[in-house]
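One letter stands for each residue in the lines below.
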Amino acid sequence: MPTARFRRPQRRRGRALGFDKSYLKKMNKYISLLAAIGLGMGFGSCGDDEKGGDTPVPTGSIETSVESVSMDAAGGSTSFTVKTAGDWGADLSQADKAWISISAQGQTSTTGTVNVTVAANTERSPRQGEILLMSGSARAKVTVSQSGKEPEPVDPSITVPDGYELVWNDEFDGDALDASKWRHEVQRPGWVNNELQNYVNGSYDGIPVTSVADGVLTITCFKHSGSIYSGRIYGSETKGWTYGIFEARIKLPKGKGTWPAFWMMPCNNDFGANPWPDCGEIDIMEEVGYHPDYTSSSIHCRDYNHVKGTQKTAERLTSGAQDEFHVYRLEWTENYITTYVDDHRLLHFANDGRGNVATWPFNKPFYLILNLAWGGSWGGAMGVDESALPATMQVDYVRVFQEKKQ
């Protein structure tokens, strides 16, 4: 069969695809007329913005009615709306769940609500969290901010150092130890320093080791059924404080064998990975009964500690320390540790500024300790006199001040 031949259509001036110039003019005129009619009747528009119609949310996007939520220290509840193109969800980080709670409604529709509840902030520092919103691959965040707690009115009888504010205290005005502030240690004899006492949870056989009356905490060491019992309590054990002024007004016990102390240790320390003395210790006040009225302050760390005989310590005669109350104070900053007795400086230990944990582990939260030990490596170094029992350590108040928030 002969091969078929095809001829390419000729293109001529004024003609395309077989349409002549006059035909194109008519078509353009007709299209223009239709467009004018359509616009006049409102055609060609997917939504009527002038009538307030909703604009569909683009696929893969999330819209929220707010970008942030702000609360004062008291906390409270609020809500905001969410618009998406499909199913959605909301979540918080584990840390934020400690103070923010949320509930979502309408997660299977394109419009829903997130209810937000913020717990009261009992700390002076403000805090911030985020609510994460998810829809398909889309993500959005709503910030949650909360202001810190305002300082409470201070009793006029409390002297607040210039530039500081009272952040924690116990005036022992009730009739029992405040369990929200203090925890009793429970340990058998020999637990530390070869001490002879049992530390118990408040009392033993109905006899208290700690009691509160007439504005004073009393820690009592006594002998019962052949054993010695006493009290050791921790203040703000899990949170503690980094830097500040720590002050207590104390009357010390009498008798050879007594070993009272007002001191600090690091919060949440893993003594397996970070054992003493590497973790650090601050002794604001210690005294032993065989050396009455001589009060001392010390710090312990890897390079400076009593095991090596290198501890940084200072001692002074505090006349009447076992007969009347005296004020023992620590001033702790990032640059130094200084202790005082009745406003007289006792120990001063400066940060060497080398960033060496062996000489300065004092850049993290520490908590307070009050205890009355019996015997042990220091308290019993000259023997013990059980005729001195029961012996009492009395505390008028404990106060913590920190620099004012800007």
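Here the structure is a predicted model, which means the values were calculated and not measured. (Residues numbered from 1 in each chain as written. Predicted model: local features only at pLDDT ≥ 70, side-chain atom pairs only at ≥ 80, totals over all residues. Heavy atoms only, no water.)

Draft legend 1. Seen up close, unusual backbone geometry. The amide bond that connects Trp-276 to the next residue, Pro-277, takes the cis arrangement and shows omega of 10°. Each neighbour pair has its own omega, and for Leu-389 with Pro-390 the value is 0°, a cis peptide bond. With respect to the helices and strands, Pro-390 occurs in the loop between helix 2 (376-379) and strand 27 (391-403). With phi around 55°, Asn-193 is a residue other than glycine that occupies positive phi space. The topology assignment puts Asn-193 in the loop between strand 10 (182-184) and strand 11 (198-199). Here Asn-193 falls in the partly exposed class, since its relative accessible area comes to 33%. One non-glycine residue, Asp-343, lies in positive phi territory at about 70°. Look at Asp-343 and you get exposed, because its relative accessible area is 59%. (Helix = DSSP H or I, 4+ residues; strand = E, 2+ residues; numbered from the N terminus. Buried < 20%, exposed > 50% of the residue type's maximum accessible area, 1.4 Å probe, protein only.)

Draft legend 2. Summary view of the sheet that holds strand 6 (residues 111-118). If you walk across this open sheet you meet the four strands as 1-3-6-5, and the pairing is antiparallel. Edge positions in the sheet fall to strand 1 (62-64) and strand 5 (100-105), since each of these pairs with one other strand and no more. Strand-to-strand twist of the sheet, defined as the mean angle between neighbouring strand axes without regard to direction, takes the value 25°. By the bridge criterion, three bridges tie strand 1 to strand 3 (residues 76-84) in an arrangement that is antiparallel. (Pairing = 2+ DSSP bridges. Axes fitted to C-alpha atoms, helices over the stretch in contact; angles between N-to-C directions.)

Draft legend 3. Up close: the sheet that holds strand 2 (residues 68-71). Spatial ordering of the open sheet is given by 2-8-7-4, a layout of four strands whose pairing is mixed. Two strands close off the open sheet at either side, each with one partner strand: strand 2 and strand 4 (89-91). Geometrically, the sheet is characterised by an average inter-axis angle of 20° between neighbouring strands, direction not taken into account. As defined by bridge partners, strand 4 adjoins strand 7 (residues 127-135) across three bridges and the pair is classed as antiparallel. Paired with Gly-89 across the bridge in strand 7 is Met-134.

Draft legend 4. Representation of the confidence of the model for the protein in the model. In this model, the protein carries an average pLDDT of 88, and 85% of its residues clear a pLDDT of 70 or more. Residue range residues 1-19 is modelled with pLDDT below 50. Its contacts to residues more than four positions away, or to other chains, number five contacts. In the model, residues 31-53 has pLDDT below 50 throughout and makes three contacts with residues more than four positions away in sequence or in other chains. (pLDDT = per-residue confidence, 0-100. Contact = heavy atoms within 4.5 Å.)

Draft legend 5. Geometry of the side chain of Glu-165. Within the fold, Glu-165 resides in strand 9 (residues 164-170). Overall, the relative accessible area of 8% leaves Glu-165 in the buried class.

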